[in-house]
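Chains, contacts and geometry: an overview
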Amino acid sequence: MRTLEETRPKMDCDNCKEEVKHLKGAVLNNTFGFYCTPCLSGESRQAGAHQASEIRTSDRDAHQRDIIQPYKPDGTPNSEFISEYPDQAKDYFSQEQLEKYA
Ligand SMILES: [Zn+2]
């Protein structure tokens, strides 16, 4: 039985297109493909700081989906939290903030 690796004519990374000796089948940016080690570790030129921070953001969003956070990522009070948890919101925010963001 042929493996996925054997069907590939060229060993180039699906992310940075760099030809490398070792590719690893993995899911990167929600896409299954074969990637070089630097891409998988977030160190390649293409998967640079900007992309890495996007990955971290989506990870965090996935983890927080079930929990409404008192603060939004930009640090402002989360109106969803205030409307869902009005009692707890009083512990987090001033009356002024509650009126402004509720
Ligand atoms: Zn790569």
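These lines cover the structure that appears in this document, whether it is placed above or below. What you see is a predicted model; the values in this text were computed from it and never measured.

This part is about the overall build of the protein. Scanning the protein from N- to C-terminus turns up 5 helices and 2 strands. Mapped from its N terminus to its C terminus, the protein presents α and β elements in the order β-β-α-α-α-α-α. Considering the protein as a whole, with its 102 residues, one finds that 12% of them fall into the buried category. Put simply, 15% of the contacts in the protein that link residues at least 6 apart link residues at least 24 apart.

Quick look at unusual backbone geometry now. In this model, Lys 17 sits at a positive phi of 65 degrees, which is unusual for a non-glycine residue. Structurally, Lys 17 is set in the segment before β1 (24-28).

Position of Lys 100 relative to the elements: it lies in helix α5 (residues 95-101). For Lys 100, a count of 12 C-beta atoms within 10 Å puts it in the exposed group. Sequence spacing of Lys 100 and Pro 77 is 23 residues, and the spatial spacing of their C-alpha atoms is 9.1 Å.

Where β1 meets strand β2 (residues 31-35), 5 bridges bridge the pair, whose relative direction is antiparallel. Within β2, the position partnered with Val 27 by the bridge is Phe 32. A loop of 2 residues connects β1 with β2, the two strands running antiparallel in sequence, and Asn 29 in this loop sits at a positive phi of about 55 degrees.

This part takes up the environment of Ser 79. Tracing the backbone shows Ser 79 in helix α3 (residues 79-84). We classify Ser 79 as partly exposed; it has 14 C-beta atoms within 10 Å. Once the C-alpha coordinates of Ser 79 and Leu 98 are considered, the two residues, 19 residues apart in sequence, prove to be 8.3 Å apart. Excluding residues within four positions of it along the chain, Ser 79 makes contact with Tyr 101 and Ala 102.

How each quantity is defined
Counting starts from 1 at the beginning of each chain's written sequence and moves along it residue by residue. Given that this is a predicted model, residues contribute local features only at a pLDDT of at least 70 and side-chain atom pairs are listed and counted only at 80 or more, while totals for whole chains, interfaces and linings are drawn from all residues. Helix and strand assignments follow DSSP, with helices taken as H or I runs no shorter than four residues and strands as E runs no shorter than two, numbered in order from the N terminus. To assign burial, the other C-beta atoms lying within 10 Å of each residue's own C-beta are counted, with C-beta atoms placed from the backbone; 20 or more indicates buried, 12 or fewer indicates exposed, and intermediate counts indicate partly exposed. Any residue pair is listed as a contact if its two C-beta atoms, each placed from the backbone, are within 7 Å. Only strands that DSSP links by at least two bridges are regarded as paired with each other.

Shape is all these values report; function is a separate question.
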